[in-house]
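# Observations on the model geometry
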Amino acid sequence: MKPSELETMRNSFNTVKNRSDALKQSPSTKRLISRCHEIKKYSIEHNEELKNELLESFKRNGIDFEFAKTSKDAIAIIEDLLSEYNCSTIAKAKSNTLGEINFKEHFSNIDVVETDLGDRILQLKKTDNKPVHPTGPASHLNVDNITEIVNNSLDTNVNPVPREIMETVREDVLNRLKNANVGISGANAIASEEGSLVMVHNEGNISLVSLKDLHIIVAGIDKIVPTLEDAISVVKLETIFATGNYVTSYMNVISGPSKTADIEKKLLKNMYGAERVVVILLDNGRSEAREECLWCIGCGNCIVNCPVYNAVGNEFGFNNYLGGRGVAMSKFIENDEKCFESGLYKCTLCGLCTINCPVSIPTNDIIEKMRKSSQLRPKAHEKISKSVREKDSPY
């Protein structure tokens, strides 16, 4: 990342810190922290049991579902679904899970339109466009950078005024989505008892995505929690730590395809929303991961407070999973080599990520243990180690 981008990112992070600090200390947030820690711990420990309950709930609700062991499996399932709908344009919502499986790279022959403003700006940027925060992907770009990106990509002459930029991008997105019959998104939490998927957003874009004929939802098995009340608790805590607000503008709860029974109580599908909802539950290494890695609620507060991330930016992490937790997950999603490349030895083990994590993921402890078990070392470390072995001195 450029020095100017790092500076803008740090300023954005400080804004989030200032907004959220007061909320974090409130009695209600402290109760929520305690509750969500127990929810996530229980959910991961009983994941198989909750998953089986969830599949029965999906059947009851009329939601189609598939299980993907790997990212390749997920891509193959999506390919089959898109071929059924003769899809040329897809409305996409923000999803770190779709980033994990490199969804856009695999479907570069289709017009995949990011509907989230930050993600759309990065999409228009075309190169060097990795996100820097799970809920604020373009937090490292200032208004002048964004103006240049929009004007170059959309052949416009918008002024460096945030509202003008927003309106210009919105108009372009809506025009592109006129012919889209497929929407794709992730989910923030999934309630196994009710078979409901909870998604939070401020822009209203997930509502657009969910109104397409086919709504595909790709979510990790770690998103499953016991009840809808639990799911709401998790996404509320995520919002507090990610944005500094108690609740987002929109909270979508999807429990099946669009339907009505207002004519003689006869069930009719596809009133306004999707005629078909398909959920792809993704494992992709999660079954082998340390349980604590799967507690994550996706708020990004760890990287906001990480000294390494604030110094080097999004080169510390894996795909859309940024910072130390992303490094840890890369071992299970990919392999030891990818874990090394993602920044296994960049971490200082200071523990600020754990201190500032709402569910207390012990990331520094996880990374320290991964270093001990890994056969890969930085070259400088190998040189010192060899000197110690051969000369009883690091020099």
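Up top you'll find the structure we're talking about.
This is a predicted model, so every value here is computed, not measured.

Helix and strand content of the chain: 18 helices and 14 strands. Relative to its length of 395 residues, the chain is compact, with a C-alpha radius of gyration of 22 Å against a globular reference of 21 Å. Summarising its shape, the C-alpha atoms of the chain cover approximately 85 × 55 × 45 Å along the three principal directions. Taking all 395 residues of the chain together, the buried fraction comes to 54%. A separation threshold of at least 6 residues defines the contact pool for the chain, and within that pool the share at least 24 residues apart is 73%. Seen as two clouds, the 49 positive and the 54 negative side-chain charges of the chain have centres 4 Å apart.

The subject of this paragraph is helix H11 (residues 228-243). Given a rise of 1.5 Å per residue, 16 residues ought to cover 22 Å, and the 22 Å separating the end C-alpha atoms of H11 matches this to within 8%. Most of H11 sits out of view: 12 of its 16 residues are buried. Within the span of H11, buried status applies to Asp-230, Ala-231, Ser-233, Val-234, Val-235, Leu-237, Glu-238, Thr-239, Ile-240, Phe-241, Ala-242 and Thr-243. A positive phi of about 80° marks Gly-244, the residue just after H11.

Let us now look at a negative patch on the surface. Together, Glu-49, Glu-53, Glu-193 and Glu-229 make up a region of like negative charge exposed at the surface. Examined against the element boundaries, Glu-49 turns out to sit in helix H3 (residues 47-61). Given the relative accessible area of 48%, Glu-49 is considered partly exposed.

Buried residues dominate strand E12 (residues 276-282), accounting for six of its seven residues. Alignment of strand E1 (residues 64-68) against E12, held across five bridges, turns out to be parallel. In the strand pairing of E12, Asp-64 is matched with Val-278. The pairing of strand E7 (residues 214-220) with E12 spans seven bridges and is classified as parallel. Counted as the bridge partner of Ala-219 is Leu-281 from E12.

To continue, consider the pattern of salt bridges. The final tally for this structure, using the stated rule, is 25 salt bridges. In this structure, Arg-286 and Asp-222 form a salt bridge, with 2.7 Å as the shortest nitrogen-oxygen distance. One end of the pair, Arg-286, is in the loop between E12 and helix H12 (301-304); the other, Asp-222, is in the loop between E7 and strand E8 (224-225), with 64 residues separating them in the sequence. The exposure classification of Arg-286 matches that of Asp-222, with both residues buried. Linked by salt bridges that have partners in common, Asp-111, Arg-120, Asp-172 and Arg-176 make up one network.

Here the focus is a nonpolar patch on the surface. A surface patch of nonpolar side chains, about 370 Å² in accessible area, is lined by Leu-211, Met-271 and Tyr-272. Residue placement: Tyr-272 occurs in the loop between strand E11 (268-269) and E12.

Take the state of the cysteines next. Counting across every chain of the model gives zero disulfides. Looking at the unpaired Cys-299, the closest cysteine sulfur is the one in Cys-357, lying at 6.3 Å. Relative accessible area serves as the criterion here: at 6%, Cys-299 is assigned to the buried category. For Cys-353, which is in no disulfide, the shortest distance to another cysteine sulfur is to Cys-347 and amounts to 6.1 Å.

Right, let's talk about the sheet that holds strand E4 (residues 182-185) for a bit. The six strands lie next to each other as E1-E12-E7-E4-E2-E3, forming an open sheet whose pairing is parallel. What marks the edges here is a single partner per strand, and that holds for E1 and strand E3 (111-114). Shown here is a sheet whose adjacent strand axes are inclined to one another by a mean of 20°, direction ignored. Across three bridges, strand E2 (residues 89-92) lies against E4 in parallel orientation.

The next subject is the sheet that holds strand E6 (residues 196-201). Spatially, the four strands line up as an open sheet ordered E8-E5-E6-E9, and their pairing is mixed. In the strand order of this sheet, the two ends are held by E8 and strand E9 (250-254), each with one partner. As paired elements, strand E5 (residues 189-191) and E8 share two bridges and run parallel to each other. Residue pairing in the sheet places Ile-190 in a bridge with Ile-224 of E8.

Another point: the packing of helix H2 (residues 27-45) against H11. In a pair of packed helices, the angle between the axes and the distance between the axes together describe the arrangement. Contact geometry of H2 with H11 gives a least axis separation of 9 Å together with a crossing angle of 125°. As summarised for this structure, H2 and H11 are arranged oblique, according to the angle between their axes. Crossing of H2 against H11: the hand is left-handed. For the pair H2 and H11, contact is made by Thr-29, Leu-32, Ile-33, Arg-35, Cys-36, Ile-39 and Lys-40 and by Glu-229, Asp-230, Ser-233, Val-234, Lys-236, Leu-237, Ile-240 and Phe-241, respectively.

Here the focus is the packing of aromatic side chains. Enumeration according to the criterion identifies four aromatic pairs in this entry. Between Phe-58 and Phe-65, the ring centres sit 6.1 Å apart and the planes meet at 35°, which makes this aromatic pair tilted. Phe-65 sits in the partly exposed class, given a relative accessible area of 26%. Aromatic side chains Phe-340 and Tyr-345 sit 6.0 Å apart centroid to centroid with 65° between the ring planes, which places their arrangement in the edge-to-face category. Take Phe-340: its relative accessible area is 28%, and that puts it in the partly exposed class. The ring of Tyr-321 carries the charged tip of Arg-325 above its face, separated from the ring centre by 5.4 Å.

What counts, and where the lines are drawn
Residues numbered from 1 in each chain as written. Predicted model: local features only at pLDDT ≥ 70, side-chain atom pairs only at ≥ 80, totals over all residues. Heavy atoms only, no water. Helix = DSSP H or I, 4+ residues; strand = E, 2+ residues; numbered from the N terminus. Rg over C-alpha atoms; globule rule 2.2 N^0.38 Å. Buried < 20%, exposed > 50% of the residue type's maximum accessible area, 1.4 Å probe, protein only. Contact = heavy atoms within 4.5 Å. Lys, Arg positive; Asp, Glu negative; His and termini not counted. Charge placed at Lys NZ, Arg CZ, Asp CG, Glu CD. Expected span 1.5 Å × (residues − 1). Patch = residues over 30% accessible without salt bridge, like charges linked within 9 Å, V, L, I, M, F, W, Y side chains within 5 Å. Areas by Shrake-Rupley, 256 points an atom, 1.4 Å probe, with all protein chains shown as cover. Salt bridge = Lys/Arg side-chain N within 4 Å of Asp/Glu carboxyl O. Pairing = 2+ DSSP bridges. Disulfide = S-S within 2.5 Å. Axes fitted to C-alpha atoms, helices over the stretch in contact; angles between N-to-C directions. Parallel < 35°, antiparallel > 145°, perpendicular 65-115°, else oblique. Left-handed = near helix turned anticlockwise from the far one by under 90°. Phe/Tyr/Trp six-rings, centres within 6.5 Å; stacked < 30°, edge-to-face > 60°. Lys NZ or Arg CZ within 6 Å of the ring centre and 35° of its normal.

None of this, on its own, says anything about what the molecule does.
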